[in-house]
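Each chain, letter by letter, is given below.
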Amino acid sequence: MPELPHFTLRDTRTILAYTQPPEGGGNGPTLVLPNRKTHGEKLLLDIERAEKKAKARQNSEPIREGLQFIPMRFEEGSEIDLALKSLATKTNGVRIVNARERNGRKEYLVAVPDSQVSKLADKFRDYRDKDTKSGKPKNEAFASSISKIESADLADYWTEPNEPIPKTTETFWWEVWLDSGSDQSAQNIEEWFRSIAQLQNIILSPLRVQFPDRLVILAFTSFAQWEHFPGLLRYLAEFRRANLITGELDNLSSSDQAEFGKDLLSRTDIAPKDSVRICILDTGVDRGHILLEQSLSSEDHQSWQKEWGADDHDGHGTKMAGVCLFGPLGDPIISGDPIRLTHRLESVKILPPLGENSPPDYGPITIGSMAAAETIAPQSQRVFCLAVTAPGDDLWRPTLWSAYLDQACAGALDGERRLMVVSAGNLRNNAGKNYPDENYVSSVESPAQAWNVLTVGAYTNLPWINEKELDGYNPVAKPGSLSPRSRTSLCWGDDPWPNKPDVVFEGGNLAKDKSGFAIDVDNLQILTTQSPKKSDKLLCTFGDTSAATAQASRMAAILQSEYPYYWPETIRGLIVHSAEWTPEMLEEFKYEYRGRRLRVYGMGVPQLERARQSAQGFTTMVIQDVLQPFRKEGSEGKSNEMHLHDLPLPREVLEELGSLPVRMRVTLSYFIEPNPPRRGMIAQYQYASHGFRFSVRRPEETPDQMKKRISLDARERNEQGKRVKTSETVKDKRRWDLKKNLAVRGSIHSDAWNGTAAELALSNMIAVYPVAGWWRFRSDQEIVERKARYSLIVSISTNDSKTNLYDMIETEINNRITVSTANKIVTEISSE
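Everything numeric in this text was worked out from a predicted model, so none of it was measured.

**Student:** Hey, could you run me through the overall build of the chain in this one?
**Tutor:** Each helix and strand counted, the chain has 25 helices and 36 strands in total. Across the 832 residues of the chain, 58% fall into the buried class. Long-range pairs, those at least 24 residues apart, make up 81% of the contacts in the chain between residues at least 6 apart in sequence. Total accessible area on the chain stands at roughly 35000 Å², and carbon and sulfur atoms take up 48% of it. Looking at the chain, you have 104 positive and 114 negative side-chain charges, and the mean spots of the two groups are 5 Å apart.

In structure tokens form, the structure reads like this:
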């Protein structure tokens, strides 16, 4: 089990009658601007302190030699994207060096020329004291968008989104991103950097990658050595951890690869036969591979048609198997660390060795193959992995294949819910030539539009081309952005169907020459197992949404192993809940275009450690519950009930923390039963059996006001006996990442807001309530009154290292248990 497992909450809910109000239960946020006097004074004090601190360090820190600007860290307030863009102009010389995301709040590293510091202070002074002609504070949009300014440290150049700066003595390969957009050319900067590195005994790669305004060079060193690099901050833009160059392992001889494989196997603890399985539905798997054989039993090695044989006729399934079992193989092979596997493999071949299945058969073959695996090991928990898609013009419209998967995941026929991971599909022709526009207009392929599956797209962090014969080629995609073959749902427009993909994982990159011709390159892909039929080498490279889907399946299996009592809905929810957008994704689609971002990247890149365990400053609570959405009343179906959950948030402690910045994220995951169309276009509500929504208590509303806002049944009746419109609705002043209209598509909804501990103290209640679906309109009472499961996942986090949220919540839970037990004893004594 994880060191700090998530809290699985029970007995938090109250069941209340529910009727949807005519005006709905909206969540319209209102932007709250800070007090100009106090905020202006704070910003002036911040910039004064930042300048003094930077000047005091100028002569004592080698990295600041020759600096003619002050590196400052700006923390996001409200609309910092646009405000900082207006600040950093070509005329004033202010530069945005890098940006990073921390718990949903953006931080910018800004290079402010010495001559501009006083002018920046003047802007804040005018904001505090002067008005525009319209009577508003001058520079209000800029000043109110910033919550904090501090002098930047070398650690602020580390931009890995979910990894703290490594220990000062840890030595590894770094990506050094240098700003080449200054007066000196990239060549001069490179020569300077290499000469200083040589004097400092820092090992550099002989290669480099050039992007607009950025030069990237690999360096093998430690943070401590960087601290003594003279003049480093003159050109440094950011540090990242370098990805392993898999081409070097792929290019090893077959005998060398075999030695690496044997070494890895000797360090690997194989999962027992009753462990969680990943069932790969693909071209078969060659279980004779030394890295796969012990994790794939012969009885779990099957084929839809016996005459096809269960071995891999194409090589694709064996590549999937390596990543499903180990993840990208580069790190496990090189690290030398012991590996403990917690899951096994199953394989059912669903594609014939010759020709292809007729498209109408995809659904039955897939479901039948899933049943074959379940028959062999009916008691085992499993994740189904499908990286096979079919082209077509279906867009968001459910196909027979996608509807079959929705039905199987929901357990509509047998009551068994299933977790299924499906690839979004790849571009088949001219990938990279018109990137990313071609990806934007290329829809995810069937069955990836299914509501209940976890649809996986691909992004990339692989920019390194390490092949001399490819001189003149450059990576197609920037690190942190869309993998060149990954499909999206952006072309679906504003149709209210699920955003697909749900998440993205590493899918590799392409390289292109000056003419735009793009090719696959080993170093721009991940390492995996190779079918012995394809080569005498054990390893090869792999990419696109197939590789991404295999990684997602592995993550799901690890989570299921560590939380065996969690439902498939919960595991899917944890993966989405842990996802974050990279800075490049946020830059590509800014806040006003966040709906498009969802159509391209879903909720972003999942983080395994965040999904599998909590931490002192990041604490997750999980609720699994069952709700009856509708009831039969006469000849009509009506809304039935809602759940109101009281979270164990320590109100008094949080109120004492006051203005401490915190973040709350909420994810609601459930499976719908599909009603696929037989002809023509269908409306959204007709496809889904039901829907659920969540609403968090607003800090300034009472519990009664919250109930009245959400449900008509909580409101008073007038003289005619009708429920009256409430006049007590409190506006939501929190700024949600997505807001209601974007966060409620499909059958998994996730959103987050940033605020203060005091606001969090009063955001302690979450309602889960139903919305209409086809169950409600059926004449059969048994169908109308079916119950539905849901998983509610809530995380609260803070960047303050002194605040231990995990202990606070654990104490509150224990206090509630103590009170509950005491009340029970009193009741029993009274009854005697």
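**Student:** In this structure, what is going on with the environment of Asp-122? I would like to understand it.
**Tutor:** Considering the arrangement of structural elements, one finds Asp-122 in helix 3 (residues 117-129). Separated by 78 residues in sequence, Asp-122 and Leu-44 place their C-alpha atoms 8.8 Å apart.

**Student:** I'm lost on the pattern of salt bridges in this one. Help?
**Tutor:** Pairing between side chains of opposite charge can happen when the charged atoms of each approach one another. Scanning the entire structure with this criterion turns up 50 salt bridges. Note that Arg-485 and Asp-520 form a salt bridge whose closest N and O atoms lie 2.9 Å from each other. Of this pair, Arg-485 sits in the loop between strand 21 (481-482) and strand 22 (503-506) while Asp-520 sits in the loop between strand 24 (518-519) and strand 25 (526-529); the two residues are 35 residues apart in sequence, bridging distant segments of the chain. Via salt bridges that share partners, Lys-37, Glu-41, Arg-128 and Asp-129 belong to a single interconnected network.

**Student:** Would you mind going over the sheet that holds strand 23 (residues 511-512) with me for this structure?
**Tutor:** Within a sheet, each strand pairs with its neighbour through backbone hydrogen bonds, oriented either parallel or antiparallel. In space, the 3 strands of this open sheet follow the order 20-23-24, with antiparallel pairing throughout. Unpaired on one side and paired on the other, strand 20 (474-475) and strand 24 mark the two borders of the sheet. Two strands pair when backbone bridges link them, and strand 20 and strand 23 are joined in this way by 2 bridges, in the antiparallel orientation. Its bridge partner lying in strand 23, Asn-474 is registered against Lys-512.

**Student:** I tried to follow the sheet that holds strand 6 (residues 146-151) on my own but got confused; where do I start?
**Tutor:** Taking strand neighbours across the sheet as the criterion, the 4 strands line up as 4-5-3-6 in an open arrangement whose pairing is antiparallel. Of all the strands in the sheet, just strand 4 (95-102) and strand 6 have a single pairing partner and so form its edges. Here the strands of the sheet are splayed against their neighbours by 25° on average, with no regard to which way each runs. Of the strand pairs in this sheet, strand 4 and strand 5 (residues 105-113) are connected by 7 bridges, and their pairing is antiparallel.

**Student:** It is not clear to me how the side chain of Glu-641 should be interpreted in this structure. Could you clarify?
**Tutor:** Along the polypeptide, Glu-641 turns up in strand 30 (residues 641-646). Buried and without a salt bridge, Glu-641 has Lys-787 as its closest oppositely charged side chain, separated by 6.8 Å. At 2.9 Å, the side chain of Glu-641 forms a polar contact with the backbone nitrogen of Gln-628. If near-sequence neighbours (up to four positions away) are discounted, Glu-641 is found in contact with Ile-15, Leu-16, Ala-17, Tyr-18, Leu-627, Gln-628, Pro-629 and Pro-770.

**Student:** I tried to follow the packing of helix 9 (residues 316-326) against helix 14 (residues 544-562) on my own but got confused; where do I start?
**Tutor:** Packed helices, taken two at a time, are described by their axes: the angle between them and the distance between them. Viewed as axis vectors pointing N to C, helix 9 and helix 14 meet at an angle of 35°, and their least axial separation amounts to 7 Å. Taken as a pair, helix 9 and helix 14 cross one another with a handedness that is right-handed. Contacts between helix 9 and helix 14 involve His-316, Met-320, Val-323, Cys-324, Leu-325 and Phe-326 from the former and Ser-546, Ala-547, Ala-550, Gln-551, Ser-553 and Arg-554 from the latter. Among the residues forming the contact of helix 9 with helix 14, the class breakdown is 7 nonpolar, 4 polar and 1 charged.

**Student:** Explanation requested: the confidence of the model for the chain in the structure shown.
**Tutor:** Close inspection of predicted coordinates is inappropriate for parts of the model with low pLDDT. Here the chain shows a mean pLDDT of 88. Residues at 70 or above account for 90%. Across residues 24-29, where pLDDT falls below 50, the model places 17 contacts with residues more than four positions away in sequence or in other chains. The model gives residues 826-832 a pLDDT under 50, and that stretch makes 0 contacts with residues more than four places away or in other chains.

**Student:** Would you take a moment to explain the pairing of strand 29 (residues 636-639) for this structure?
**Tutor:** In the sheet, strand 28 (residues 630-633) pairs with strand 29 via 4 bridges, with the strands oriented antiparallel. If you follow Phe-630 over to strand 29, its bridge partner there is Ser-639. Linkage of strand 28 to strand 29, two consecutive antiparallel strands, is achieved through a turn of 2 residues, within which Gly-634 is found at a positive phi near 70°.

**Student:** Can you walk me through the packing of helix 14 against helix 15 (residues 568-577) in this structure?
**Tutor:** Running from amino to carboxyl end, helix 14 crosses helix 15 at an angle of 120°, the nearest separation of the two axes being 10 Å. Overall, the two elements helix 14 and helix 15 adopt an arrangement that is oblique. Here the hand of the crossing between helix 14 and helix 15 comes out right-handed. Every residue of helix 15 that contacts helix 14 at Ala-552, Met-555, Ala-556, Leu-559 and Gln-560 is listed here: Ile-571, Leu-574 and Ile-575. Tallied by class, the residues present in the contact of helix 14 with helix 15 amount to 7 nonpolar, 1 polar and no charged.

About the cut-offs
- Residues numbered from 1 in each chain as written.
- Predicted model: local features only at pLDDT ≥ 70, side-chain atom pairs only at ≥ 80, totals over all residues.
- Heavy atoms only, no water.
- Helix = DSSP H or I, 4+ residues; strand = E, 2+ residues; numbered from the N terminus.
- Buried < 20%, exposed > 50% of the residue type's maximum accessible area, 1.4 Å probe, protein only.
- Contact = heavy atoms within 4.5 Å.
- Areas by Shrake-Rupley, 256 points an atom, 1.4 Å probe, with all protein chains shown as cover.
- Lys, Arg positive; Asp, Glu negative; His and termini not counted.
- Charge placed at Lys NZ, Arg CZ, Asp CG, Glu CD.
- Salt bridge = Lys/Arg side-chain N within 4 Å of Asp/Glu carboxyl O.
- Pairing = 2+ DSSP bridges.
- Axes fitted to C-alpha atoms, helices over the stretch in contact; angles between N-to-C directions.
- Polar contact = N/O pair within 3.5 Å; in protein donor to acceptor, adjacent residues only side chain to side chain.
- Left-handed = near helix turned anticlockwise from the far one by under 90°.
- Nonpolar A, V, L, I, M, F, W, Y, C, P; charged D, E, K, R; others polar.
- pLDDT = per-residue confidence, 0-100.
- Parallel < 35°, antiparallel > 145°, perpendicular 65-115°, else oblique.

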